[in-house]
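Chains, contacts and geometry: an overview
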Protein chains: 2
Amino acid sequence: MKHETNIPYKIYLSENEMPRNWYNVRADMKEKPAPLLHPATGVPMGYDDLRNVFCDELVRQELDDDTREIPIPQAVLDFYKMYRPSPLVRAYCLEETLQTPAKIYYKFEGNNTSGSHKLNSAIAQAYYAKQQGLTGVTTETGAGQWGTALSMACAYLGLDCKVYMVKCSYEQKPFRREVMRTYGASVTPSPSMDTAVGRKILSEHPGTTGSLGCAISEAVEAAASAPGYRYVLGSVLNQVLLHQSIIGLEAKAALDKYGIIPDIIIGCAGGGSNLGGLIAPFMGEKLRGLRDYRIIAVEPASCPSLTRGRFAYDFCDTGKVCPLAKMYTLGSGFIPSSSHSGGLRYHGMNSVLSQLYHDGYMEAISVEQTKVFEAAEYFARTEGILPAPESSHAIRAAIDEALHCKETGEDKTIVFGLTGTGYFDMAAYEKFHNGEMRDSIPTDEELERSFALLPSLQ
Amino acid sequence: MKHETNIPYKIYLSENEMPRNWYNVRADMKEKPAPLLHPATGVPMGYDDLRNVFCDELVRQELDDDTREIPIPQAVLDFYKMYRPSPLVRAYCLEETLQTPAKIYYKFEGNNTSGSHKLNSAIAQAYYAKQQGLTGVTTETGAGQWGTALSMACAYLGLDCKVYMVKCSYEQKPFRREVMRTYGASVTPSPSMDTAVGRKILSEHPGTTGSLGCAISEAVEAAASAPGYRYVLGSVLNQVLLHQSIIGLEAKAALDKYGIIPDIIIGCAGGGSNLGGLIAPFMGEKLRGLRDYRIIAVEPASCPSLTRGRFAYDFCDTGKVCPLAKMYTLGSGFIPSSSHSGGLRYHGMNSVLSQLYHDGYMEAISVEQTKVFEAAEYFARTEGILPAPESSHAIRAAIDEALHCKETGEDKTIVFGLTGTGYFDMAAYEKFHNGEMRDSIPTDEELERSFALLPSLQ
């Protein structure tokens, strides 16, 4: 076993080395992300427009393009200490089986019961809701990781938690639902008869199994119609990227501790929460001209917002009740083909990441799910950890980069984000084992039809 | 949040603080555990008798009552570094919500894909099989944690792995099965038509959903009839306790690092692998008269081998092909009522632990599963981690001890073993949430009928 004796398998920061501030990458962007617009009027939305939907402090964070460092509240730091710092792992075994000169590290966010990085923002959002004296929060969940994370955070703080879970996930993933119930959350299959938007969708499409965009609309309506409730979201928003910067800050501190400078940083990308968090401090150095890194977003070929989408204002939800955001989008009406990476099936990409990609600060690639599961299984057998399908997009890209290094003989240092575990995704693994998994990529015509429905206020 | 600034939430050892030897508690026992006996002749079994079933080195470890410290092979140490040291966590949040003056620590073994401590012995056993030049190993699994752990270890070392999975688990836990398949194991529902013992059981009980004792018999037969294969077992054996001593050694090193001396050590007990591993170095000090600890084994009321069993020689499996062991037993024909702690449903208890209990070195209590799930949910909501039902037996006892401290005002230090996570046990949590979980305790008459069938060679 190749093992550099000065670098352990897992680099853990001590408690007093943990970051005490989140890093807001917008402060270092010359081209700021475009503002959110009102869905009906097209007018930029300010603090007063947004605080009916979101908690006050979270609106401030959403709109803050200037403050570089934002203190993490003590209660959030205390909660972080229950499952953080997460390890930065040197993938010695993977390097050895690949026979690559590359050095591979991964930041592993799966060692908490939510099974992913989502908890980093869930606790922050729940904390600000509690601080504001609210009764509870509503949200949607697709694959279930965000709903689980929010349930955990709310249980810890004594806050009500109402989750609209996309109906097909609710039925296919009963165990995810039970985890949320263990944490005291109420879980409703979406679309439901609880909301006007749900009833409308059910009357128009009686047999529908739901979608994330629809569940968002229901959760927003439920928050607006219940006193003392606000809506919270696990990705796409700038505030979420801010909270998730803890991933990158810890990773960078761990690397710095051993004098390691990465060449390539790789993250999977759905709405952008993990990618934006992982790359934040590295992107900051790049924006400030201090250092250069290759930064690669990896998205599913079935839902390729960065690689094949339009950079345009679009609706964030099916019901068109949420603000409009300027982002790389496949169109809010785009329905990705069946895929087992539920966390990467969102039609758009966070505005900050979209702007950075548009301005050439990062690359993006898309990969097919059979290739992703090949990488997932290979990784599980060599590194032990059973990865989530979402995370395995990054594994695929990291392996491909490491194999490229093998060809060229370069000993590049690769860091990728391993966002979570696949324990609730075994039905997908089963399909893969049985040779029943198919790849499905949207045609250009499908995308053109979807783009034609983009709002006309570009 | 109460937080002693000098003691972090999680105490991690660094790589160079990790133990390099396993600790063999038998070396410090005045009364050694009774030898294994041949199931047909009743004659004590030696090295040559056992090596047809087990790997050579593992037989040596099984029979070694004298060597106190046994070096951990470098390859096993390397593998340990992929997921160890496991954290010793200070349960600050649990203490706070319980309002107890007690200090509670738990050694958390769930942060690896097998989801439990089982991996500690799986990698050791697989390593010795590989060293011996074997092709593969066979085993049984009930709840699936051991089978998963062994699959991971075999995938890492390139060894075949054939798992006989109790049929009802195979059908009820398809995701566990898929995890094993991800690691390349072949998984057969037991009883099967693959073995003579399986065919016999199926012909006598056509509709049977299997049992652990039956799966053991099949796995032993499969190993004996395939050249280059040996049988491995995840609990009950002394070699397993030896490997699992890594849990207690790490826990003790972490406590020593901060000058913490526990008063009470609590572990859940099925076959004894976790309990024996956790308590090993503490028991060693107790046996040598260096320090006193209260050591508490917690078993399910539905399968109470220590608290209601007989200390007697008994068969280890249903097919009566395995050696006879002297242990606390409910009788090899005892079938515990349906319970959701599959890992604690074994009829007997490891011989070392049985002897220590018999000699008064530890206590034992039994708890009902509804009380266990109450504690599990309480723990999940306060400490975040979703515990396995098995582990939650220890949580129940730790909470009860902490509440007792609250009454008496004592600030005792409690350490318990949190052996694993409950991600594959959500069907049980669902029953609990829906109020459908029942407790079932064997009657004295049932136990007497079972004891009547104990072999007569006591």
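The structure we're discussing is the one just above.
Residues numbered from 1 in each chain as written. Chains lettered and ligands numbered in written order. Predicted model: local features only at pLDDT ≥ 70, side-chain atom pairs only at ≥ 80, totals over all residues. Heavy atoms only, no water.

1. Quick look at the pairing of strand β13 (residues 324-329) of chain A
All names here are of chain A. Using the following cut-off: Think of it in three bands: with a 1.4 Å probe and only protein chains considered, a residue is buried below 20% of the maximum accessible area for its type, exposed above 50%, and partly exposed in between. Each helix is a run of DSSP H or I of at least 4 residues and each strand a run of E of at least 2, with the numbering of both proceeding from the N terminus. Only strands joined by at least two bridges in the DSSP assignment are considered to pair.
A large share of β13 lies buried, amounting to five of its six residues. Here strand β12 (residues 310-315) runs beside β13; their pairing, made up of six bridges, is antiparallel. Within β13, the residue paired with tyrosine 313 across the bridge is lysine 326.

2. With respect to the sheet that holds strand β10 (residues 264-268) of chain B
All names here are of chain B. Overall, mixed pairing links the seven strands, which are arranged β1-β4-β5-β15-β10-β11-β14 in an open sheet. A strand with exactly one partner marks an edge of an open sheet, and here the two such strands are β1 (10-11) and β14 (363-367). With five bridges joining them, strand β11 (residues 294-300) and β14 adopt parallel strand pairing. Residue pairing in the sheet places valine 298 in a bridge with isoleucine 365 of β14.

3. Quick word on the nonpolar core
This is how the line gets drawn: Put simply, a nonpolar core is a bunch of buried Ala, Val, Leu, Ile, Met, Phe, Trp, Tyr and Cys residues held in one set by side-chain atoms that sit within 4.5 Å of each other. Contact definition: two residues touch when any of their heavy atoms are within 4.5 Å.
With 185 residues, the main nonpolar core has Trp22(A), Tyr80(A), Met362(A), Trp22(B), Tyr80(B) and Met362(B) as its most contacted residues. In this view, Met362(A) contacts Leu275(A), Ile279(A), Met283(A), Ile295(A), Ala297(A), Leu306(A), Leu353(A), Leu356(A) and Tyr357(A); residues no more than four positions away in its chain are not counted.

4. Considering the packing of helix α3 (residues 74-83) of chain B against helix α5 (residues 119-131) of chain B
Residue and element names in this part refer to chain B. Note the threshold: A fitted line through C-alpha atoms represents every axis, and for helices the fit uses only the stretch in contact; the resulting angles, taken between N-to-C directions, go from 0 to 180 degrees. Here the angle decides the label: under 35 degrees means roughly parallel, over 145 means roughly antiparallel, 65 to 115 means roughly perpendicular, and every other value means oblique. By convention the crossing between two helices is left-handed if the near helix lies anticlockwise of the far one by an angle smaller than a right angle, and right-handed if it lies clockwise. Each residue receives one of three labels: charged for Asp, Glu, Lys and Arg, nonpolar for Ala, Val, Leu, Ile, Met, Phe, Trp, Tyr, Cys and Pro, and polar for the others, Gly being one of them.
Viewed as axis vectors pointing N to C, α3 and α5 meet at an angle of 150 degrees, and their least axial separation amounts to 10 Å. Classified by the angle their axes make, α3 and α5 are roughly antiparallel. Viewed along their axes, α3 and α5 form a crossing whose handedness is right-handed. Along its contact with α3, which presents Ala75, Val76, Phe79, Tyr80 and Tyr83, the element α5 presents Leu119, Asn120, Ile123, Ala124 and Tyr127. Of the residues contributing to the contact of α3 with α5, the split by class is nine nonpolar, one polar and no charged.

5. Notes on the relation of the copies chain A and chain B
The operation linking the two copies of the chain is a rotation about an axis combined with a translation along the axis. Cut-off, in case you're wondering: Each copy is superposed on the other by least squares, with the fit set by C-alpha atoms of residues at a pLDDT of at least 70 in both.
Between chain A and chain B, which share one sequence, the superposing operator has a rotation angle of 180 degrees and an axial displacement of 0.0 Å; the RMSD is 0.0 Å. Here the symmetry operator amounts to a two-fold rotation axis. Closest approach to the rotation axis among the C-alpha atoms of chain A is made by Asn111(A), whose C-alpha sits 3.0 Å away. Here 100% of the contact residues of chain A are again contact residues in chain B; the copies associate through an equivalent surface.

6. Concerning the pattern of salt bridges
Rules: Every case where a carboxyl oxygen of Asp or Glu lies within 4 Å of a side-chain nitrogen of Lys or Arg is listed as a salt bridge.
Enumeration over the complete set of coordinates arrives at 54 salt bridges over all chains. Salt-bridge contacts for Arg310(B) lead to Glu448(B); the nearest nitrogen and oxygen are separated by 3.3 Å. Of this pair, Arg310(B) sits in strand β12 (residues 310-315) while Glu448(B) sits in helix α18 (residues 444-451), placing them 138 residues apart in sequence. The exposure class assigned to Arg310(B) is partly exposed, which follows from its relative accessible area of 37%. Residue class for Glu448(B) comes out partly exposed when judged on its relative accessible area of 45%. A salt bridge links Asp400(B) to Arg396(B), with the shortest nitrogen-to-oxygen separation between them at 2.9 Å. Placement of the pair is Asp400(B) and Arg396(B) together in helix α16 (residues 389-408), with a separation of four residues, close to one helical turn. We classify Asp400(B) as partly exposed; its relative accessible area is 37%. By sharing partners, the salt bridges in this structure join Arg84(A), Lys107(A), Glu109(A) and Glu250(A) into a single network.

7. Some points on unusual backbone geometry
Residue Pro85(A) is reached from Arg84(A) by a cis peptide bond, and omega for that bond is -10 degrees. As for its position among the elements, Pro85(A) is in the loop between α3 (74-83) and β4 (88-90). Although it is not a glycine, Gln99(B) adopts a positive phi angle of roughly 55 degrees. For Gln99(B), the location among the structural elements is in the loop between α4 (92-98) and β5 (103-108). You will see that Lys320(B), though not glycine, has its phi angle at about 60 degrees, which is positive. Relative to the helices and strands, Lys320(B) resides in the loop between β12 and β13 (324-329).

8. Quick word on the sheet that holds strand β8 (residues 186-190) of chain A
All names here are of chain A. The strand order across the open sheet built from four strands is β8-β7-β6-β9, with neighbouring strands paired in parallel fashion. Every interior strand has two partners, whereas the edge strands, β8 and β9 (229-231), have only one. Adjacent strand axes in the sheet meet at a mean angle of 25 degrees when their direction is disregarded. Here strand β6 (residues 136-141) runs beside strand β7 (residues 160-166); their pairing, made up of six bridges, is parallel. Bridging across to β7, glycine 136 finds its partner in aspartate 160. Packing of helix α10 (residues 212-225) onto the sheet brings it into contact with β6, β7, β8 and β9, and relative to β6 it is tilted by some 170 degrees.

9. Here we look at the packing of helix α15 (residues 369-383) of chain A against helix α17 (residues 426-433) of chain A
All names here are of chain A. One can describe the packing of α15 onto α17 by two numbers: an axis separation of 11 Å at closest approach and a directional angle of 100 degrees. It follows from the interaxial angle that α15 and α17 lie roughly perpendicular. Contacts between α15 and α17 involve Thr370, Phe373, Glu374, Ala376 and Glu377 from the first element and Ala428, Tyr429, Phe432 and His433 from the second. Considered class by class, the residues forming the contact of α15 with α17 number five nonpolar, two polar and two charged.

Such coordinate-based values are descriptive only and should not be taken to indicate function.
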